[in-house]
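Commentary on secondary and tertiary structure
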Amino acid sequence: MSRSAPAPAAGPAVERGEAERFAVATRRFLERRGKRVPERARADALAAADALEAAAASGDPELLAEASARLDLVWRDQLSLAARKGAVRELFESALLALVVALCARTFVVEAFKIPSSSMVPTVEVGDHLLVSKLAYGLRLPFVNRFLLRWSEPRRGDVVVFANPREPGKDYIKRVIGLPGDVVELRDQVVYVNGVPQPRVPVADLTYDEQAEGGGRWWTETCPAWKETLARGRVDSPRSAVAQALADAYAGAARSGEVTHVVAQCRPARLGEREGPFERVAPGHVFVLGDNRDRSADSRAGGGWQVPLANVKGRATVIFWSWGRSGWAPRGGPAGLRVERLFKRIE
């Protein structure tokens, strides 16, 4: 922000260097704000600056003090108002620019979301605040579910935020399991894609904090957990149901990459339990599941549903803030900052 240059005190003690700086500051001010200064005031200021520079060059103390006082008077009576108006305008323009940049970033680049439920434990937990990349799959037109440019599609294993097609106005976060053309099924809690099981192995029980809906009381849950691996590539139906054919089909899809994550399975599996097979994923849609499989309202509900790609707002990337029961609370409150979750990547 530009400010008016302070005038040196008039009198014989005025220093030559200080006077020269005062004249230079006046010229710079007029260069930056010349259009906002009346022509008469501009002419008087330039004349006073010329006289001050000439007095400084002459070395005459009385002439220097007189010229300095004249320029100081011009500032007081003619330039100070323009300087104040310019400062206010600069502040307003800076604030407006910051607002426009923030709105553009939120619309096109990144948006923050708060997690209200445990449906994606342990990947994200109640009280986590996420950054969602809105450029992960393309450039979206604001206020409409339409892409201006699209450079990629969600991949199996991506954690996405989307507008729930069954509950308008509500955003959900889930993991992509089925892509267009896939048939998803769960057998004994194991995910099958086109008849090919996605590997998983048991890990230590998972303990996490749960909160009542609407920000009520906290409590602790402990559930069995599994490390699940999803093949990123296209999953072709196996030649047969024998183990080697299933392994070959999975290996072919895994050549395009894999993603591994932990899932919570709070309800014991019943022998021979099956969910699905669900309807084949339609073009332009995905099938999603929560990582907390028994505490998630996802694509299995009501016989199966899918998410239109136009509803996908972006891919969850990182946790930038986390507040929960197990966090650090300086005054011993019921919840606090979970330092260990800050800046955790979402995979």
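Rules and cut-offs
- Residues numbered from 1 in each chain as written.
- Predicted model: local features only at pLDDT ≥ 70, side-chain atom pairs only at ≥ 80, totals over all residues.
- Heavy atoms only, no water.
- Patch = residues over 30% accessible without salt bridge, like charges linked within 9 Å, V, L, I, M, F, W, Y side chains within 5 Å.
- Areas by Shrake-Rupley, 256 points an atom, 1.4 Å probe, with all protein chains shown as cover.
- Salt bridge = Lys/Arg side-chain N within 4 Å of Asp/Glu carboxyl O.
- Helix = DSSP H or I, 4+ residues; strand = E, 2+ residues; numbered from the N terminus.
- 1 Å grid on protein atoms, 1.4 Å probe; cavity = no way out; pocket = protein on both sides within 12 Å on 5 of 7 lines; lining within 4 Å.
- Points joined across faces, edges and corners; volume = space filled by probe spheres on them.
- Nonpolar A, V, L, I, M, F, W, Y, C, P; charged D, E, K, R; others polar.
- Pairing = 2+ DSSP bridges.
- Core = buried A, V, L, I, M, F, W, Y, C linked by side-chain atoms within 4.5 Å.
- Buried < 20%, exposed > 50% of the residue type's maximum accessible area, 1.4 Å probe, protein only.
- Contact = heavy atoms within 4.5 Å.
- Polar contact = N/O pair within 3.5 Å; in protein donor to acceptor, adjacent residues only side chain to side chain.

Named according to an unreviewed UniProt entry, the protein chain is Signal peptidase I originating from Anaeromyxobacter diazotrophicus.

Concerning a nonpolar patch on the surface
On the surface, Leu 135, Leu 141, Leu 148, Leu 149 and Trp 151 cluster together into a nonpolar patch covering about 470 Å² of accessible area. Relative to the assigned elements, Trp 151 resides in the loop between strand 4 (147-150) and strand 5 (159-163).

Topic: the layout of surface pockets
Leftover empty space is mapped by rolling, across the atoms, a probe with the size of a water molecule. Approximately 800 Å³ is the volume found for the largest pocket. Lining the largest pocket are 31 residues; nearest its centre among them are Lys 114, Ile 115, Pro 116, Ser 117 and Ser 118. If you list the elements that add at least two residues to the lining of the largest pocket, you get strand 1 (110-114), strand 6 (171-178), strand 10 (200-211) and strand 16 (312-324). When the residues that make up the lining of the largest pocket are grouped by side-chain class, the tally is 14 nonpolar, nine polar and eight charged.

Some details on the sheet that holds strand 8 (residues 190-193)
A sheet is described by the order of its strands in space; here four strands give the open sequence 9-8-7-13, paired in antiparallel fashion. Looking at strand neighbours, the two that pair on one side only are strand 9 (196-197) and strand 13 (274-275), the edges of this open sheet. Alignment of strand 8 against strand 9, held across two bridges, turns out to be antiparallel. Within strand 9, the residue paired with Val 193 across the bridge is Val 196.

Thoughts on the nonpolar core
Of all hydrophobic cores here, the largest spans 19 residues; its most connected members are Leu 52 and Leu 79. Elements represented by at least two residues in this core include exactly helix 1 (16-33), helix 2 (39-58) and helix 3 (61-109). In terms of residue count, helix 2 provides more of this core than any other element does, seven residues in total. Residue contacts for Leu 52: discarding those within four places in its chain leaves Ala 19, Phe 22, Ala 23, Leu 64, Ala 67, Ser 68 and Leu 71. In terms of nonpolar packing, the next biggest core, distinct from the first, is built from 18 residues, Leu 230, Ala 231, Val 235 and Val 281 among them.

A few points about unusual backbone geometry
Val 121 connects to Pro 122 through a cis peptide bond whose omega is 5 degrees. If you trace the backbone, Pro 122 turns up in the loop between strand 1 and strand 2 (128-133). Gly 276 connects to Pro 277 through a cis peptide bond whose omega is 5 degrees. For Pro 277, the position within the fold is in the loop between strand 13 and strand 14 (285-289). Notably, Gln 189 is not glycine yet its phi reads approximately 75 degrees, a positive angle. As for its placement among the helices and strands, Gln 189 is situated in the loop between strand 7 (184-187) and strand 8. Take Gln 189: its relative accessible area is 7%, and that puts it in the buried class.

Some details on the side chain of Asp 128
When you line up the elements, Asp 128 lands in strand 2. A polar side-chain atom of Asp 128 sits 2.7 Å from the main-chain amide nitrogen of Glu 125. Engagement of the side chain of Asp 128 in a polar contact is seen with the side chain of Arg 338, the distance being 3.4 Å. When near neighbours in sequence (up to four residues on either side) are disregarded, Asp 128 contacts Phe 113, Lys 114, Ile 115, Ile 319, Trp 321, Ser 322, Arg 338 and Arg 341.

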